[in-house]
Amino acid sequence: MAETFDQAKMKFSRIVNSRSYTRFNQSPNADGESSHVEVKLAVDGEEEMDGTEQEHVQSDTYTRSSRSGPWNKWRILVWVGGVLVIFCVGLLIGYSVHRKSETASFAQGDVTKCDPEDSPIQDFPPNYPPPLDWSDLVALLNDKLSSKAIEDKLSEFSQNVRKAGSSADNKLADNIHYNFTQLNMAPWVDEHYVKLQFPNSSNPNKVFFGAVEIGRPKGFLAYSETGRREGRVVYANYGELSDLQNKEYRLNLNGSVVLMRAGKISMAQKVMNAAKMGAVAALIYPDPADYRTMSSNAEIYGHAHLGSGDPYTPGFPSFNHTQFPPAKSSGLPGILAQTITANMARLIFEKMGGEEAPKRFKGDFSGYKLGNESDKVTIEVNNNLADTKIHNVFGVIKGYVDPDRYVVIGAQRDSLTLGYTKSTVGTTLLLELARVFTELKKVGFRPKRSIVFASWTAGDFGNVGVTEWLEGYWSSLDRKAFTYISLDDVVTGAGSFRASASPLLHTLLEKTLGKVKIPGSSSSLLQSYGSDFLKPMQMDDGAYPFLALSGIPSVSFSFVSSSQAEPFLGTDMDEKTHPYLLTNKKVVELSVFAAQIAGQMALRLIHDHILKLDVTKYSDVITHHVKAIIQRVDALKNDKVDEIESLSTKWLNAAKSSYGRAAASLNIDIGNTDLNDMEMCRIINNRIMKVEHNFLSPYVSLREVPFRHIYFGNGWQTTTDLEKYLGDVQENKTSLNIDEVLNKFALLTWTIQGCANDLAGDIWSLDNEI
């Protein structure tokens, strides 16, 4: 018994004193007795101790002599206290181990609770705030959005021109980085070294009619060819192919300078169309009929690259360490291109002769002629191509369940003018949404997935910053970034609403508009603006590279004027006064609406168990295009075009049906899934996330055809290209090359079928009917 008490006292002494000691090995002496050892304790002020061991002990323990003094009440109290301390320490250790286990389980997405769609599903540790349901979350989002904060930021960011790579642009990037840092968003910066083109300040661009100088425009088109060209001036309306190819007007553009008005299509498309028709130069002006609120001396800015990103590193990123031979994008037109003011265009029209222009070509000038052989115009472009270092800035709020899956919200911050609506509004909303989502976390919101906030630069040169980032981090983004929400140009007017989006986002966008209420009214934005707001996404859209280059579902939207969509973007009138006039001083109010739309869409995507991407919407898109192709093939067969009988639409139609079945099957699987099963939810989400990416044709070179999407891309792999080719054959504009058509049919069929198979899921679930 004495020995037992001695051992207990020894353990108690070790725990209470919490002293370290010298480790040693003990071996028995030759006579079989334990060796006498001296242990030096590491606590200062303690005396040395001697003792003989009665038994062999572990090398990291020590014992005192078994001899003990008399047992008294004080010693019993100490012993009892020691037992209590040991008990308490055991409890603390047990709790610590249990908490670590909970934390690890939580980090891996271990979920034990599952409510309906509108409520969170995680069972978080007890020291976390209680989870928020969906209605509370939306109410908090709307409540925390501050119109005062938006107004203050709009004022702060609207003071200076911010040319990409300039000190003003870099200063704003530092400001954004600082804001993200203050919000604990672990910000980082992405650098690229790109080629940008700017006017020559000492040698301005010039336009002449004969020997008369028309003007020296300050506006310009980046990536124009440089030099001096002369040619017969020809007026070609908006520069659409239908304007240039119509035999009725007999426009001979070979060797000409084509005069076109802005609008309808991008300036890069206008210039490329003119180049294809043999023109040597292109002039673009804003006609008063299309820009009624714009000054006749307003300068316009843009770029001539029919593509996005640095045109001198097509298909790969412009990092400083990248080594590559000289290269040019096929989207560079190779002709001179220049913008002019409305007044300069008026002077040219007054001097032009030739036939009267068709009625649909006419705007608000007194006379429009097509031009004759003696009308010579000379263009001189002296732009400089400059190697420029640019910065994209990012911040992130990490998810708790799937942190490796993320929504990206982005905005352009650079501008060749003051860019109030072009970049100031979007940058303001980017920072405001970052602040609001951070505040939501503080009150208990735990996003399942991550949300990345991105500030892009060099957007005015053709989405250079965003495209270089996508090209540079292709493998890191592939099937991880599942949605992009663009904040560019979100307020350009009032009275109407328009949006461009991947079909996967159509349902979510419409439902979100139905939830955003107009203050002081029971009406929603959807009820106010109607459901007919979707427009095709254009190449100069800030969301386009995500969709057509990277296969990431994307959306952009804007409040616009009822009569005209973009009356001043890309002009020197894009400053505070003009948009406030066009919106009846509702810029801040409309900005709050825009923030609610983007915020609620992002919130839905990072909150729900299953991603709110509607795969059935692509069934309609596929059906529409396949039907159009089949109709054209049937028309050619009716016309008995040579060799067309060998072309069958059976397999293309079968691929369309395969996708429809796979989409329907996925919805059945979602309905039958226990949302408590987080692994199954992740598997289903993986199937959904692959859809957009799988519509990128695997049969074309990324460098030669960067926009590989078969529905929204640009190139021979698209369904629209095949439809157009068959239409041209029907109209006798070209002859049928059956091998080329068969090849396109096969590759298009297997792109759709491959997407259907991936959507179906497991290898044993694939559709083998084709």
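The structure this text deals with has already been given above.
Residues numbered from 1 in each chain as written. Predicted model: local features only at pLDDT ≥ 70, side-chain atom pairs only at ≥ 80, totals over all residues. Heavy atoms only, no water.

Draft legend 1. The arrangement of the sheet that holds strand β13 (residues 384–397) in detail. Taken in spatial order, the seven strands make up an open sheet running β3-β13-β15-β14-β16-β18-β17, and their pairing is mixed. What marks the edges here is a single partner per strand, and that holds for β3 (188–198) and β17 (495–501). Strand-to-strand, the axes of this sheet are offset by a mean angle of 20 degrees, without reference to chain direction. The strands that helix α16 (residues 587–607) touches are β14 (402–412), β15 (449–456), β16 (481–486), β17 and β18 (554–561); relative to β18, the one it contacts most, it runs at about 160 degrees. (Pairing = 2+ DSSP bridges. Helix = DSSP H or I, 4+ residues; strand = E, 2+ residues; numbered from the N terminus. Axes fitted to C-alpha atoms, helices over the stretch in contact; angles between N-to-C directions. Contact = heavy atoms within 4.5 Å.)

Draft legend 2. Broad picture of the packing of helix α17 (residues 617–638) against helix α18 (residues 650–672). Interaxial distance between α17 and α18 falls to 10 Å at its minimum, and their mutual angle equals 170 degrees. One finds that α17 runs roughly antiparallel with respect to α18. Contact residues: α17 offers Tyr618, Ser619, Ile622, Thr623, Val626, Ile629 and Ile630, while α18 offers Leu652, Asn653, Lys656, Tyr659, Gly660 and Ala663. Classifying every residue of the contact of α17 with α18 by side-chain character gives eight nonpolar, four polar and one charged. (Parallel < 35°, antiparallel > 145°, perpendicular 65-115°, else oblique. Nonpolar A, V, L, I, M, F, W, Y, C, P; charged D, E, K, R; others polar.)

Draft legend 3. Representation of the packing of aromatic side chains in the model. Scanning all chains against the criterion turns up 35 aromatic pairs. Measuring from centroid to centroid gives 6.3 Å for Phe559 and Phe593, while their planes differ by 40 degrees, and the two rings are tilted. With Phe559 in strand β18 and Phe593 in helix α16, this pair connects stretches of sequence that are 34 residues apart. Taken individually, Phe559 and Phe593 each receive the classification buried, so the pair is uniform in this respect. (Phe/Tyr/Trp six-rings, centres within 6.5 Å; stacked < 30°, edge-to-face > 60°. Buried < 20%, exposed > 50% of the residue type's maximum accessible area, 1.4 Å probe, protein only.)

Draft legend 4. The arrangement of a nonpolar patch on the surface in detail. Together, Tyr699, Trp716 and Trp750 line one region of the surface with nonpolar side chains, adding up to about 320 Å² of accessible area. Looking at the secondary structure, you find Trp716 in the loop between α19 (678–694) and α20 (719–730). (Patch = residues over 30% accessible without salt bridge, like charges linked within 9 Å, V, L, I, M, F, W, Y side chains within 5 Å. Areas by Shrake-Rupley, 256 points an atom, 1.4 Å probe, with all protein chains shown as cover. Salt bridge = Lys/Arg side-chain N within 4 Å of Asp/Glu carboxyl O.)

Draft legend 5. Main features of the sheet that holds strand β8 (residues 257–261). Judged by pairing direction, the sheet is mixed, and its seven strands sit side by side in the order β5-β4-β12-β7-β8-β9-β11 without closing on themselves. Looking along the sheet, the strands with just one partner apiece sit at the ends: β5 (212–215) and β11 (336–339). Strand-to-strand twist of the sheet, defined as the mean angle between neighbouring strand axes without regard to direction, takes the value 30 degrees. The pairing of strand β9 (residues 281–285) with β11 spans four bridges and is parallel. Bridge pairing links Leu283 to Gln338 in β11. Docked against the sheet, helix α8 (residues 342–351) engages β4 (206–209), β5, β7 (227–235), β8 and β9, running at close to 145 degrees with respect to β5.

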